[in-house]
Amino acid sequence: MDEKKGKLDIGMIEITLTDCLYQALHKKKMLKISPDYFRIRKAIESRLYEIARKHCEHQREFTIALEKLHLKTGSTALLKMFRHNIKRLAKTNDLPDYRLCYYAKANMVIFNNRNLIPEKE
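A. Quick look at helix α3 (residues 66-73). When α3 is considered as a whole, its buried residues turn out to be L66, L69, H70 and T73. For α3, the angular spread of buried residues about the axis comes to 105 degrees, placing them on one side. Facing away from the buried side of α3 by over 90 degrees, the exposed positions are K68 and L71. In this structure, the buried residues of α3 make contact with α2 (43-55), β1 (61-65), α4 (79-92), β2 (98-103) and β3 (108-113). Directly after α3, the chain includes G74, whose backbone phi takes a positive value near 75 degrees.

Spelled out as structure tokens, the structure:
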């Protein structure tokens, strides 16, 4: 085993992409992620960001029933604990790029895209 302290051994590698990934890259159909995404500490918040990113890419908001969101996240928490976490997150509102609102009467969650300027009426 040769040790080369202080020297980099730069070589070449070949990567084979799947056709699906290549087409997405070629057609620029990949979603960009905010650098702040990597500062999210809780798995559920990361998953909520990913869901918001997917559904709010080019629209101002996305509305979803709490039960359906619970299923989409894959959370193993009981629904009442998930609801508690959503309410807490709605108060802190620190998801990158998106604002989360919880409407108790309708049991709905709305994600608002902070990056899209509201249309003037």
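Next comes the rest of the account.
B. How the structure looks around the confidence of the model for the chain. Per-residue pLDDT for the chain has a mean of 85; in total, 85% of the residues score no lower than 70. No element of the chain has a lower mean pLDDT than helix α1 (residues 19-26), which averages 74, and none a higher one than α3, which averages 96.

C. Geometry of the pairing of β3. Buried residues dominate β3, accounting for 5 of its 6 residues. Sheet topology note: the β1/β3 ladder contains 5 bridges and is antiparallel. Bridge assignment links E61 to a residue of β3, and that residue is N112. Note that β2 and β3 share 6 bridges and pair antiparallel. Across the sheet, residue Y102 finds its bridge partner in β3, namely V109. Hairpin connection of β2 to β3: 4 residues between the antiparallel strands, including N107 at a positive phi of 55 degrees.

D. Structural detail: the sheet that holds β2. Across the sheet, 3 strands lie side by side as β1-β3-β2; this open sheet has antiparallel pairing. Both outer strands of the open sheet, β1 and β2, are each paired with one neighbouring strand and no more. Looking at each pair of strands side by side, their axes are set apart by 20 degrees on average, direction ignored. Sitting on the sheet, α3 is in contact with β1, β2 and β3, with an inclination near 95 degrees to β1.

E. Molecular detail of the pattern of salt bridges. Summed over all chains, the structure comprises 3 salt bridges. Of the charged contacts in the structure, one is a salt bridge between R39 and D36, with a shortest N-O distance of 2.2 Å. Owing to a relative accessible area of 60%, R39 belongs among the exposed residues under this scheme. A residue is classified by how much of its surface remains accessible, and D36, at 35% relative accessible area, is partly exposed. Among the salt bridges present, the one from E50 reaches R47, with a minimum N-O distance of 3.4 Å. Here E50 and its partner R47 are both found in helix α2, 3 residues apart, which amounts to about one turn of the helix. You can call E50 partly exposed: its relative accessible area is 33%. Residue class for R47 comes out partly exposed when judged on its relative accessible area of 30%.

Here is what the cut-offs are and how they apply
Residues numbered from 1 in each chain as written. Predicted model: local features only at pLDDT ≥ 70, side-chain atom pairs only at ≥ 80, totals over all residues. Heavy atoms only, no water. Buried < 20%, exposed > 50% of the residue type's maximum accessible area, 1.4 Å probe, protein only. Helix = DSSP H or I, 4+ residues; strand = E, 2+ residues; numbered from the N terminus. Arc of directions from axis to C-beta. Contact = heavy atoms within 4.5 Å. pLDDT = per-residue confidence, 0-100. Pairing = 2+ DSSP bridges. Axes fitted to C-alpha atoms, helices over the stretch in contact; angles between N-to-C directions. Salt bridge = Lys/Arg side-chain N within 4 Å of Asp/Glu carboxyl O.

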